[in-house]
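# Structural description and commentary
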Amino acid sequence: MNTDSLTLGFIGYGNMAQAMAQGLVDAGVLPGGRIVACAAHYDRLVERTAHLGVRPMHSGTEVAAAADLVILAVKPGQVAQVCEPIRHELADPDRMVLSVVGGMTLEDYADILEEGTHLICAIPNTPISVGQGILVTQEDDTLTDQQRELFTQVFDPVAMIERLPRELVSVGTTIAGCAPAYTAMYMEALADAGVEHGLPRQAAYRLAARMVEGTGALYLATGTNPGAMKDAVCSPGGTTIKGVASLEKHGFRGAVIEAIDAVERGD
Ligand SMILES: NC(=O)C1=CN([C@@H]2O[C@H](COP(=O)(O)OP(=O)(O)OC[C@H]3O[C@@H](n4cnc5c(N)ncnc54)[C@H](OP(=O)(O)O)[C@@H]3O)[C@@H](O)[C@H]2O)C=CC1
Ligand SMILES: O=C(O)[C@@H]1CCC=N1
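What counts and how
Residues numbered from 1 in each chain as written. Chains lettered and ligands numbered in written order. Predicted model: local features only at pLDDT ≥ 70, side-chain atom pairs only at ≥ 80, totals over all residues. Near = placed C-beta within 6 Å. Helix = DSSP H or I, 4+ residues; strand = E, 2+ residues; numbered from the N terminus. Nonpolar A, V, L, I, M, F, W, Y, C, P; charged D, E, K, R; others polar. UniProt positions renumbered as here; feature names shortened; annotations may be inferred. Core = buried A, V, L, I, M, F, W, Y, C linked by C-beta atoms within 7 Å. Buried ≥ 20, exposed ≤ 12 C-beta atoms within 10 Å, placed from the backbone. Contact = placed C-beta atoms within 7 Å.

This part takes up the site of ligand 2. Around ligand 2, the surrounding shell consists of Gly102, Ile123, Thr173, Gly177 and Cys178. It is helix 7 (residues 166-196) that contributes the most residues to the shell around ligand 2, 3 residues altogether. Per-class residue counts for the shell around ligand 2 are 2 nonpolar, 3 polar and no charged.

On to the UniProt feature "domain: Pyrroline-5-carboxylate reductase dimerisation" (unreviewed entry) in the chain. UniProt tags residues 168-263 as "domain: Pyrroline-5-carboxylate reductase dimerisation" (unreviewed entry). A helix fraction of 84% and a strand fraction of 0% characterise residues 168-263, whose end C-alpha atoms lie 13 Å from each other.

Before going further, it helps to examine the site of ligand 1. As a structural note, the neighbourhood of ligand 1 is formed by 28 residues, with Gly12, Gly14, Ala39, His41 and Gly102 the closest of them. Ranked by the residues each element gives to the shell around ligand 1, the list is headed by helix 1 (residues 15-26), at 3 residues.

Residues Ile11, Ala37, Val70, Ile71 and Leu72 are the most contacted members of the largest nonpolar core, which totals 57 residues. Considering each element in turn, this core owes the most residues, 7 residues, to helix 1. In this view, Ala37 contacts Gly9, Phe10, Tyr13, Ala17, Leu45, Thr49, Val54, Pro56, Met57 and Val63; residues no more than four positions away in its chain are not counted.

Dropping the structure here:
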């Protein structure tokens, strides 16, 4: 099996599944016609799948029968119920299952899937839709070496794959998977300030977005410590340090750390 003959099936076709499908099709990993999907509401599914040519199906049973790689992309509370009727199909030795269900680890599937199911648990983030994603993947999985290689072939073009031990998956997921929301809030706040000072809204968003993208790219290209990246922008007696001092006064870094703590505590 390789990506040229792979059929991928989503069980659940909401925000995350659509982001993944979009990224994979746009990156040329596979055409929409080799992706199948089911969801709770068929009419809505038909609308959501049309533009990529993804094939809508009526049930998880149809998806499992059609797909070599089945992606569980429903809410955590729904996963046991959707897997129950297709446990046997999912355990087919030629099939692999990827769970992107928030908070679910390999161990959580012991009572949900049949023993021997080839399963990997990973959490993507929404930038996967533009080929700039992250997949935080539990180090332990039950894939064969060949399936693990195929998994990498499929997702490498659209995401950085970060394999972590079970106990670190949660915080890794929070930073990679939840923080796009916090980063979007930061961009929104920067743009609001820009608009307050007269910048047109779209220009303000463009500046904020490119700045976030470029700052991340600069770190990835150079590995410079983020503290040193900050220092490099702050000229002595200059403008940037005034903003740094103001952010510190208002607890900026503490607020970010507390947000991650809140997710990890499950507040
Ligand atoms: N959004 C994100 O950034 C991320 C999400 N995740 C995880 O991905 C999973 C999905 O999240 P998200 O896409 O945001 O949620 P959505 O609510 O957007 O999507 C959930 C999907 O599940 C479908 N569904 C519900 N019940 C069934 C059922 N019985 N059979 C088949 N499909 C069903 C829904 O169908 P319908 O649309 O018809 O109601 C919908 O398509 C969650 O576990 C989440 O933790 C992981 C990483 C990031
Ligand atoms: O908020 C959520 O439940 C999901 C999990 C990771 C990102 N979004």
